[in-house]
Amino acid sequence: MTDTPALAATPADLALYTEVKHFYAQQMHLLDDRAADEWAATFAPGGVFSANGLPAPAEGRAAIAAAARAAGERLDAEGLVHRHWLDMLTVRQQEDGSVRARSYALVIQTPLGGMPQLHRSTVCEDLLIRAEDGSLLVLERKVTRDDLA
Amino acid sequence: MTDTPALAATPADLALYTEVKHFYAQQMHLLDDRAADEWAATFAPGGVFSANGLPAPAEGRAAIAAAARAAGERLDAEGLVHRHWLDMLTVRQQEDGSVRARSYALVIQTPLGGMPQLHRSTVCEDLLIRAEDGSLLVLERKVTRDDLA
Amino acid sequence: MTDTPALAATPADLALYTEVKHFYAQQMHLLDDRAADEWAATFAPGGVFSANGLPAPAEGRAAIAAAARAAGERLDAEGLVHRHWLDMLTVRQQEDGSVRARSYALVIQTPLGGMPQLHRSTVCEDLLIRAEDGSLLVLERKVTRDDLA
């Protein structure tokens, strides 16, 4: 638990918290809406997406977009809709301005004509940085599936 | 994705974000607590609730309250509890002061003595306006079930 | 619904809202990460945790930590991971500075090598107070399971 932020909060913490939360909502919409390139653009150019459910990390926007595109095509072929929910977010600004964020992430899977089900329960650990225009970018994301932990 | 807000955030955006999130929590409590008239009062007098799971939109507070009351009576008759979860919210203030909000919404259904299950996974698109006292009201809500999409 | 806050929001309400949300995320991480003593320290020294799924309330940090430790050991023995999600939060600051918070809470349960499932759907009602350093503490928590309600 060394990464747990102190439990007292400043106004700057609270603004950052909401900003990250909004960023995640936007990012998940892009992923679930199959906007693979826009999704990849929410990562830094050299961003890395690693997960204990993947054989190897995806490094760089092209690889991240390709992975999202491939996943979307599989879902389309099977008639499935995925919704990614991230919450139970904690954020901690570091001295260099980067942000450590830890959240839980669920994947809700719904087949056409069927009932939704919990597909994955994971923990998502991000290192976020700022683009030149001040918006957030994911430099490193590590997703840990509970069923494989 | 033309409705996706820019990913950079201003303090006003963040305040609006939190306000809408709080509004939704209050609104869902009213619905799930069977406060049908109070739920309907969170819509504008001419508010419209449409959904791809409904035969026709509910227009106006009386129709919205009646639909909630009928749904609650069905749940009571079957011994079911519903909890509506809205999150992964994005908000975008428009020039006229109204707000476009897009979120994911889940319905969690629990039978008395049984296990909870995911009943619905949906996308909720709202057009929000301000009442005279400044509080938010839903002018238009469109709910799209993933299983019917 | 007498505890429902008014639907208009002030900047102070919004800051409090985000603060409580962040507090809950930190608190649930501690619980799910099996940091039983740190979890218990988010309650006031005389804090009380009561639930309609428990034979008796846990009173005081030692009892709250012991209950969390026992639950964690059961999960380990069965190869299960629990993730607690709290959201659909409403907050209301009272005149004495304490805070009434009402939220929905889910427990997501994932067996090693299996699929996640909804384990519990509950309503969580808290009375929160401030520690000397200004951080939040739970003085009273009441958790109501939907399947027992």
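Residues numbered from 1 in each chain as written. Chains lettered and ligands numbered in written order. Predicted model: local features only at pLDDT ≥ 70, side-chain atom pairs only at ≥ 80, totals over all residues. Heavy atoms only, no water.

Enquirer: I keep staring at the interface of chain B and chain C and nothing clicks. Help me out?
Expert: Frequently, the measure chosen for interface size is the accessible area removed from exposure when the parts meet. In this complex, chain B contributes 33 residues to the contact, which on the side of chain C involves 31 residues. Per-residue buried area on chain B facing chain C is highest for His22(B), His29(B) and Trp85(B); these three make up 26% of the total on that side. Across the contact surface, chain B and chain C share 3 salt bridges. With a closest N to O distance of 3.2 Å, Asp33(B) and Arg102(C) form a salt bridge. The tally of links between chain B and chain C comes to 8 residue pairs in polar contact (both at pLDDT 80 or more). Looking at which element gives the most residues to the side of chain B that touches chain C, the answer is helix H1 (residues 11-32) of chain B, with 12 residues. Of the residues that constitute the side of chain B that touches chain C, the class distribution is 15 nonpolar, 11 polar and 7 charged. (Contact = heavy atoms within 4.5 Å. Buried area = accessible area lost by both parts, 1.4 Å probe. Salt bridge = Lys/Arg side-chain N within 4 Å of Asp/Glu carboxyl O. Polar contact = N/O pair within 3.5 Å; in protein donor to acceptor, adjacent residues only side chain to side chain. Helix = DSSP H or I, 4+ residues; strand = E, 2+ residues; numbered from the N terminus. Nonpolar A, V, L, I, M, F, W, Y, C, P; charged D, E, K, R; others polar.)

Enquirer: Which parts of the structure should I look at to understand the sheet that holds strand E1 (residues 43-51) of chain C?
Expert: By way of backbone hydrogen bonds, the strands of a sheet pair with one another, either parallel or antiparallel. Residue and element names in this part refer to chain C. Taken in spatial order, the 6 strands of this open sheet run E2-E1-E6-E5-E4-E3, and their pairing is mixed. Where the open sheet ends on each side, the last strands, each with one partner, are strand E2 (58-59) and strand E3 (80-93). Both E1 and strand E6 (residues 136-145) contribute to a ladder of 5 bridges, which runs parallel. When the sheet's bridge partners are listed, Phe43 is paired in E6 with Val138. Its contacts with the sheet place helix H1 (residues 11-32) against E1, E3, strand E4 (99-111), strand E5 (117-130) and E6, and it is angled at close to 160 degrees to E3. Relative to E1, helix H3 (residues 61-78) is tilted by about 50 degrees, and along the sheet it contacts E1, E2, E3 and E6. (Pairing = 2+ DSSP bridges. Axes fitted to C-alpha atoms, helices over the stretch in contact; angles between N-to-C directions.)

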